[in-house]
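Topology and contacts: notes
Chain residues, written in single-letter form:
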Amino acid sequence: MEACNAVEREVDKVLLKFGAINEHADNVLRDLINHIESLKKELEEAPSDHELTPGQVQVLKQAMTKVRDTVQRLATDHRDLHSTVSKVGKAIDRNFIADFASTSREDVFSGPEKSHLLNQVICQHFYRQGMLDIADELATEAGIKTDEGRKEPFTELNYILDCLKQRNLEPALEWAKKHREALLAQNSSLEFKLHRLHFIRLVQQGPTKQTEAIMYARQNLTQFVGRHEKEVQALMGTLLYLPNGIQSSPYSHLLDPTLWLDIHDVFTKEACTLLGLSVDSPLSVCINAGCTALPALLNIKQVMQQRQVTGIWSGKDELPLTNANKLKCPYCPVEQNPEDARLIYF
């Protein structure tokens, strides 16, 4: 993502500079054309046998000089723009390296067993993202057996998350009530935050919803006083400001839209923890880790090519290190002694 942002910044510079040059060129050329047209009209109106006076000759010379200088300035601006455009290409070359094969191993996913495992991971990723049709089609074509028990949690979670994006709290509240004991066991505040949003939505509608808001608080918020006393007190305080609106009250922070983003993240985290799932897809974690590690590995490969020691890059499951009494970590400049190295098992 940072690579895309870096290139985008260079593109923005080009567009900004092009816009400025284009506007400047239009203004300069328009003024120049008007000046030449006025001179032409003046000459056309003169008698056919009229000879130019020294003053008129000087005006024409000045006009020719102005045209020549303008053309030179526009050419210079064009060259500067070309230089800025070329920086975009350099930024692309610098941030996007096409030859990733130099750091990869062709045998990693070779063989039916490894291919099957890879397809399973991709299939699970689609289920997690709510792309059920794509996941089912992949499972069919790849010969992956999936039972409804594995798909059901993802189907339900994605449905609830979609409802939260639309600010529909009911499915999430039903899910939280159904799993209340398990959520309390992991010290979750999910159910309280859902009820808080519902209460805030009521008081946002003004005095006409006061009675309904009080009834809702009695039915759903009193159970959280022990764990969220200050938050509940703040919610009750909003009732004092209903006539003028809580947007101009000390409790206006309760209307912050980020609370809806927060509830989306909280539900994802709590639900995944409850179901024994990682918050992020294993496939996305692996890809992000690879994107982070690739630049360092490519730098190592480039250094080895410059030093003509590419043969050291072997097919073993380890980073290549040149033989010496001291070595430097490939990720940081700290020197180490090979005798201090430890064998780590994953």
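No experiment lies behind these values; they were computed from the predicted model shown. (Residues numbered from 1 in each chain as written. Predicted model: local features only at pLDDT ≥ 70, side-chain atom pairs only at ≥ 80, totals over all residues. Heavy atoms only, no water.)

**Some points on the UniProt feature "coiled-coil region" (unreviewed entry) in the protein**
Under the convention used in this document: UniProt positions are given in the numbering used here, feature names are shortened, and annotations may be inferred rather than shown by experiment. Secondary structure elements are defined from DSSP: runs of H or I of at least 4 residues count as helices, runs of E of at least 2 residues count as strands, and each element is numbered from the N terminus.
As annotated by UniProt and renumbered to match this structure, "coiled-coil region" (unreviewed entry) occupies residues 22–49. End-to-end, the C-alpha atoms of residues 22–49 are 42 Å apart, and along that stretch the chain is 86% helix and 0% strand.

**Things to note about helix α9 (residues 210–220)**
Defined as follows: Note on classification: 1.4 Å probe, protein chains only; a residue is buried when its accessible area is under 20% of the maximum for its type, exposed when over 50%, partly exposed between these limits. This arc describes the spread of directions from the helix axis toward the C-beta atoms. Only heavy atoms enter the contact rule, under which two residues are in contact if any of them lie within 4.5 Å.
Where α9 is concerned, the buried positions are Ala-213, Tyr-216, Ala-217 and Asn-220. The buried residues of α9 all sit within an arc of 100° when viewed along its axis, so they share a single face. Exposed side chains of α9 directed beyond 90 degrees from the buried face belong to Thr-211, Arg-218 and Gln-219. For α9, the secondary structure elements touched by its buried residues are α6 (170–178), α8 (190–203) and α10 (229–237).

**Overview of the pattern of salt bridges**
The test is simple: Here, a salt bridge means any Lys or Arg side-chain nitrogen found within 4 Å of an Asp or Glu carboxyl oxygen.
Evaluation of the coordinates by the stated rule reveals 5 salt bridges. With a shortest N-O distance of 3.7 Å, Glu-10 and Lys-13 are connected by a salt bridge. On the criterion of helical spacing, the pair formed by Glu-10 and Lys-13 is a turn pair, its members being 3 residues apart in helix α1 (residues 2–45). For Glu-10, a relative accessible area of 14% corresponds to the buried category. By relative accessible area, which is 49% here, Lys-13 ends up partly exposed. Note that Lys-193 and Asp-262 form a salt bridge whose closest N and O atoms lie 3.5 Å from each other. With Lys-193 in helix α8 and Asp-262 in helix α11 (residues 258–274), the pair connects residues that are 69 residues apart, well separated along the chain.

**What about the packing of α1 against helix α2 (residues 54–95)?**
Heads up, the condition is: A fitted line through C-alpha atoms serves as each axis, taken over the contacting stretch for helices, and the angle formed by two N-to-C directions is quoted from 0 to 180°. Reported orientations rely on four angle classes, namely roughly parallel under 35 degrees, roughly antiparallel over 145, roughly perpendicular from 65 to 115, and oblique for the rest. If you view the pair so one helix is near and one far, a crossing is left-handed when the near helix is turned anticlockwise from the far one by less than a right angle, and right-handed when it is turned clockwise. Each residue gets one of three labels, nonpolar for Ala, Val, Leu, Ile, Met, Phe, Trp, Tyr, Cys and Pro, charged for Asp, Glu, Lys and Arg, and polar for the others, Gly among them.
α2 packs onto α1 with a crossing angle of 170° between their chain directions and a minimal axis gap of 10 Å. Relative to α2, the element α1 lies roughly antiparallel. As for how α1 packs across α2, the hand of that crossing is left-handed. A breakdown of the residues in the contact of α1 with α2 according to their chemical character gives 24 nonpolar, 6 polar and 8 charged.

**With respect to the packing of aromatic side chains**
Cut-off, in case you're wondering: Between rings of Phe, Tyr and Trp, where Trp is taken as its six-membered ring, a pair exists when centres lie within 6.5 Å; planes separated by under 30 degrees are stacked, by over 60 edge-to-face, and by other angles tilted.
As enumerated under the stated definition, the model contains 3 aromatic pairs in all. Consider the rings of Tyr-241 and Tyr-251, whose centres lie 6.0 Å apart with planes at 65°: the pair is edge-to-face. Taken together, the positions of Tyr-241 in the loop between α10 and α11 and Tyr-251 in the loop between α10 and α11 put the pair 10 residues apart, joining distant regions of the chain.

**Some remarks on empty space enclosed by the protein**
Our working rule: Both site types are read off a 1 Å grid over the protein atoms alone. A 1.4 Å probe that fits but cannot get out defines a cavity, while an open set with protein on both sides within 12 Å along at least five of seven lines defines a pocket; lining residues have an atom within 4 Å of a point. Grid points are joined across faces, edges and corners, and a volume is the space filled by probe spheres set on the points.
All chains considered together, the criterion is met by 1 cavity of 30 Å³ or more. What the largest cavity holds in volume is close to 40 Å³. Arg-180, Leu-183, Leu-184, Ser-188, Leu-190, Glu-191, Phe-224 and Arg-227 together form the lining of the largest cavity. For the lining of the largest cavity, the secondary-structure elements that each account for two or more residues are α7 (180–185) and α8. Broken down by element, the lining of the largest cavity gets its largest block of residues, 3 residues, from α7. Tallied by class, the residues present in the lining of the largest cavity amount to 4 nonpolar, 1 polar and 3 charged.

**A few points about the side chain of His-125**
Within the secondary structure layout, His-125 lies in helix α3 (residues 112–128). On the basis of relative accessibility, which here comes to 18%, the residue His-125 falls in the buried class.

**Section: the nonpolar core**
Note the cut-off: For the purposes of this section, nonpolar cores are sets of buried Ala, Val, Leu, Ile, Met, Phe, Trp, Tyr and Cys residues that join through side-chain atoms within 4.5 Å.
With 35 residues, the main nonpolar core has Leu-164, Trp-175, Leu-190, Leu-194, Phe-199 and Phe-267 as its most contacted residues. Those elements that provide at least two residues to this core are α5 (148–165), α6, α8, α9, α10 and α11. With 8 residues, α8 is the largest single contributor of residues to this core. Ignoring anything within four residues of it in the chain, the contact list for Phe-199 reads Ala-213, Tyr-216, Ala-217, Leu-221, Leu-235, Met-236, Thr-238 and Leu-239.

**As for a nonpolar patch on the surface**
Selection criterion: Nonpolar side chains (Val, Leu, Ile, Met, Phe, Trp, Tyr) are joined into patches within 5 Å and like charges within 9 Å, using only residues with over 30% relative accessible area and no salt bridge. Reported accessibility uses the Shrake-Rupley method at a 1.4 Å probe radius. Residues are deemed covered only where the shown protein chains occlude them.
A contiguous nonpolar surface patch, about 220 Å² in accessible area, is contributed by Leu-43, Leu-52 and Val-57. By the secondary structure assignment, Leu-43 is in helix α1. On the accessibility criterion, Leu-43 (41% relative accessible area) is partly exposed.

**Points about a negative patch on the surface**
Selection criterion: Charged residues are defined here as Lys and Arg on the positive side and Asp and Glu on the negative side; His and the ends of the chain fall outside this count. The atom standing in for a charge is NZ when the residue is Lys, CZ when it is Arg, CG when it is Asp and CD when it is Glu.
A contiguous patch of negative charge, built from Glu-37, Glu-42, Glu-44 and Glu-45, is present on the exposed surface. Mapped onto the fold, Glu-45 is located in helix α1. The class of Glu-45 is exposed, set by a relative accessible area of 60%.

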